[in-house]
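What follows is the residue order along each chain.
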Amino acid sequence: MNKLTRGVVFYAPEQKKQNSNRTITIFDTTLRDGEQTPGVTIPFDKKIEIASQLDKLGVDAIEAGFPISSPGDKESVKKIAGLGLNADVCGLARSVIKDIDACIDCDVDMVHVFIPTSDVQREYTIKKTREEALNSAVEMVEYIKSHGFKCMFSPMDATRTDFEYLVEIVKAVKAAGCDIVNIPDTVGVMVPTSTYELIYNLKKNVDMKYDMHCHNDFGLANANSITAVEAGADQVQVTVNGIGERAGNASLAEVVMALSSIYGFKTNIKTEYLTETSKMVEKYSGIKMPPMLPVCGENAFSHESGIHSQGVLAKSDTFEPGVMTPEMVGQKRRIVLGKHAGRHAVLQNLEAVNIHPTEEQLTEILTKIKEIGDRGKTVTDADLYVVASVVLGKKGMDEAIKLKEVSVMTGNIVTPTAVIRAEVNGKETIAAQTGVGPVDAALRAAEEIVGDTTYKIEEFSIEAIAGGSDSLARVTIVLANERGKSVTAKSANADIVMASVEALINAMNALAGMD
Ligand code: KIV
Ligand code: ZN
C-alpha cells in the first residue's frame, strides 16, 4: 500500500517544530487595498480606530493609505504615522517623486513604491520600455533610501512578468538598497504550484526578503499566500475579511490561522483579537460578511445537526479542526437549534439558563423545536425559552410584557417620536421617546416601559426578506444584562418599527424569565 506523505506531513510534530523556527511577518493593507474595494470609503476617525486595533492585534506593518491619491488619504496616513504604534506605518507611492514626497511628508516608517513590470501593464498604462521602468524603479528606491526611510518595492503584475526581466529588476532594486520586494499577483492568476515555483526560483536567483500580495479572482489568494511562505517568502500582505480590489485580497485571519495552526509557523498576531477586528472592519467598511466566513464568521464554530452537536459536546475535536479552537480566535462555540437538533444540544442550551426538564419534558420540547425548524425558522434563545416555559408550565413569556400599542411619528419636519403602551407584569405602562429615527425612538420607548436600565443591545440588524418595498423586515437582536446573560431574538413584520419592537420585547421577556 502506498503511504500518504504530504497529507500528514504538516501535522507531523517534527515538521511543525522546524517551521516554528520561522516568524512570518504580517503586512496589513486593509486601509489601502481594502479601501479600494468598490463602493467602500472608511471615514477618517474609523481609519484611526482600525489602525489602533491592527496594532493591538500585533500586525508588523500597516499600509495606511496612498497619500498622493487625495488630501483625505494624506491626512489619515499622517495621523496614523503620528500615533506612535508598534507596527511600521507605510504609505503607497507610484514610481514618481511627488508620490514619494507625499509619503515623506506624512512621516511614515516605510514607503511602498510600485511600477508595472508585465508587458501588458507597462505598455498600456505607463508607456515605458522595460529599461525605462527598471531605471525608474532604481532611481526611486535610491531616493527613498537617501531620505532614511525603509523601502518596499513592488513590480506590479509580477506574476505575469517575464521571469528573466523580473530577476533583473529585483537584482537592481536590491543593489539600490531596497529592504524587501513584494510580489503582487495583481489579477489573481496564480495557483499554489505556480506560486511555489515562482517564489522558490526568485529566492534562488536573488537572495533577499520577499513578501507576497495575492488577489482572490479565482478564490486562491489565501492558498497562494500560504504556499509563497512554504517556498520561502518572509512576509504576506493581507486585509481584514479579505476586502480589496475586485474579488479582494488574502484574508488576515485565514492566512494567519493556517500558517500557525496547520503549519506551525510563528507570527506576532495575538489571535484572540481576530474576531473583534473582523467585526470592526465589517462595521466600518459596510461590507457584510457571510455567516460561513472561516475563522471569524457566525457559523465558524456553530453546530446544528444532532450527530455533530452530540460529538462536539462530548469532545470538541470530533467536528472541529482541534488545532484551532474558538477561544484561540476570540470566538464562541454555538450549538444552534433547528430541525436537525438533537436531545443533547437542546438539553445543553436549557441547562445553560438553569432550566432542567425531565426526560419526558425534554422530548416534548425537542418535538416543538423541530416543528419550528421545519417551518424554516431559526430557533432563537427566545423561541427556546417560550417553548420550555409552556412545556414546563412556567409563566409564559407573553405574560411578562404584553405589547398593546406602538405608534410612531416621523418625517422631514418632525423629530422622530414613538409612544408605546404595554402591560408589564399585569400593570399598564406607557412611555414616549424621541430618537434619531422611528426605530431608535421606538426601541428607547420600549426600554423605558420595562424600566430596566441594565439591558444592553449588543447586536441589532435588519434585513429585507424578498427585496421589494412590500418585503418583510427581519430584525435580529442580541440583548445582554449586567449579570452577563445574553439572548438572541428575532421578529419579522412588514412594518420595520413593529419588527424591531417585537424582537426587543421577545428578548426582554426571555432574559427576564431566565434570571
Ligand atoms: O495588486 C497590486 O498589484 C497592488 C500593488 C500596488 C502592490 O495592490
Ligand atoms: Zn493589490
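Conventions we followed
Residues numbered from 1 in each chain as written. Chains lettered and ligands numbered in written order. Predicted model: local features only at pLDDT ≥ 70, side-chain atom pairs only at ≥ 80, totals over all residues. Heavy atoms only, no water. Salt bridge = Lys/Arg side-chain N within 4 Å of Asp/Glu carboxyl O. Helix = DSSP H or I, 4+ residues; strand = E, 2+ residues; numbered from the N terminus. Buried < 20%, exposed > 50% of the residue type's maximum accessible area, 1.4 Å probe, protein only. Core = buried A, V, L, I, M, F, W, Y, C linked by side-chain atoms within 4.5 Å. Contact = heavy atoms within 4.5 Å. Pairing = 2+ DSSP bridges. Axes fitted to C-alpha atoms, helices over the stretch in contact; angles between N-to-C directions. UniProt positions renumbered as here; feature names shortened; annotations may be inferred. Near = heavy atom within 4 Å. Polar contact = N/O pair within 3.5 Å; in protein donor to acceptor, adjacent residues only side chain to side chain. Areas by Shrake-Rupley, 256 points an atom, 1.4 Å probe, with all protein chains shown as cover. Nonpolar A, V, L, I, M, F, W, Y, C, P; charged D, E, K, R; others polar. Phe/Tyr/Trp six-rings, centres within 6.5 Å; stacked < 30°, edge-to-face > 60°. Lys NZ or Arg CZ within 6 Å of the ring centre and 35° of its normal.

## Description of the pattern of salt bridges
Counted under the stated rule, the structure contains 26 salt bridges. For the salt bridge of Arg-333 with Glu-320, the shortest nitrogen-to-oxygen distance reads 2.7 Å. With Arg-333 in the loop between helix H13 (306-314) and strand S10 (334-335) and Glu-320 in the loop between H13 and S10, this pair connects stretches of sequence that are 13 residues apart. On the basis of relative accessibility, which here comes to 9%, the residue Glu-320 falls in the buried class. Across the pair Glu-463 and Arg-474 runs a salt bridge whose closest N-O atoms are separated by 3.4 Å. Remark: Arg-474 occurs in strand S15 (residues 472-480) and Glu-463 occurs in strand S14 (residues 456-465); sequence separation between them is eleven residues. Relative accessible area serves as the criterion here: at 41%, Glu-463 is assigned to the partly exposed category. For Arg-474, a relative accessible area of 31% puts it in the partly exposed group.

## Observations regarding the nonpolar core
The nonpolar side chains of soluble globular proteins are, as a tendency, buried together. Of all hydrophobic cores here, the largest spans 90 residues; its most connected members are Val-59, Phe-153, Ile-183, Leu-252 and Leu-274. Apart from residues no more than four positions distant in its own chain, Ile-183 is found in contact with Pro-155, Ala-158, Leu-198, Ile-199, Leu-202, Tyr-210, Asp-211, Met-212 and His-213. With 52 residues, the next largest nonpolar core counts Val-391, Ala-473, Val-497 and Ala-499 among its residues.

## Examining the sheet that holds strand S11 (residues 401-409)
If you walk across this open sheet you meet the three strands as S11-S12-S13, and the pairing is antiparallel. For this open sheet the edge positions go to S11 and strand S13 (427-434), each flanked by a neighbour on one side alone. Ignoring which end each strand starts from, the neighbouring axes of this sheet average 15° apart. Relative to strand S12 (residues 417-424), S11 is paired through eight bridges, and the arrangement is antiparallel. In the strand pairing of S12, Lys-402 is matched with Glu-423. Most of the contacts of helix H18 (residues 438-450) go to S13, to which it runs at about 145°, and overall it touches S11, S12 and S13.

## Some points on the pairing of S15
Burial within S15 is extensive, with seven of its nine residues counted as buried. Across eight bridges, the pairing between S15 and strand S16 (residues 486-493) is antiparallel. By the bridge assignment, Ala-480 is partnered in S16 with Ser-486. Between the end of S15 and the start of S16, which pair antiparallel, lie five residues, with Gly-484 showing a positive phi angle near 85°.

## Quick notes on the UniProt feature "domain: Pyruvate carboxyltransferase" (unreviewed entry) in the chain
Cross-referencing UniProt, the feature "domain: Pyruvate carboxyltransferase" (unreviewed entry) maps to residues 24-275 in the present numbering. Secondary structure content for residues 24-275 is 43% helix and 18% strand, and the end C-alpha separation is 20 Å.

## A look at the site of ligand 1
Lining the immediate surroundings of ligand 1 are Arg-32, Asp-33, His-112, Ser-154, Met-156, Asn-182, Pro-184, Thr-186, His-213 and His-215. Side-chain polar atom of Asp-33 to an oxygen atom of ligand 1: 3.1 Å apart, as the coordinates give it. The separation between an oxygen atom of ligand 1 and a polar side-chain atom of Thr-186 is 2.7 Å. About the coverage of ligand 1: the protein hides 94% of its 260 Å² of free accessible area. The set of elements that each furnish at least two residues to the shell around ligand 1 consists of strand S5 (150-156) and strand S6 (180-185). The class makeup of the residues in the shell around ligand 1 is two nonpolar, six polar and two charged.

## Some remarks on the environment of Leu-85
The residue Leu-85 is located in the loop between helix H4 (71-81) and strand S3 (88-94) in this model. A sequence separation of 43 residues divides Leu-85 from Lys-128, and the C-alpha atoms of the two residues are 38 Å apart. For Leu-85, the residues in contact, after removing those within four places along its chain, are Ala-51, Ser-52, Asp-55, Ile-62 and Ile-80.

## Regarding the packing of aromatic side chains
How two aromatic rings sit relative to each other is set out by the distance from centre to centre and by the angle between their planes. Inspection of the entire model under this criterion finds three aromatic pairs. Ring centres 6.3 Å apart and planes at 65° place the aromatic pair Phe-66 and Phe-114 in the edge-to-face group. Of the two residues, Phe-66 sits in the loop between strand S2 (61-65) and H4 while Phe-114 sits in strand S4 (residues 110-116), which places them 48 residues apart along the sequence. Take Phe-66: its relative accessible area is 17%, and that puts it in the buried class. Using a relative accessible area of 15% as the deciding quantity, one classes Phe-114 as buried. Ring centres of Tyr-263 and Phe-265 lie 5.8 Å apart, and the angle between their planes is 25°; on these two criteria the pair is classed as stacked. Across the pair, Phe-265 and Tyr-263 agree in class, each one buried. In this structure, Lys-56 is placed above the aromatic ring of Tyr-273, and the distance from its NZ or CZ to the ring centre is 4.5 Å.

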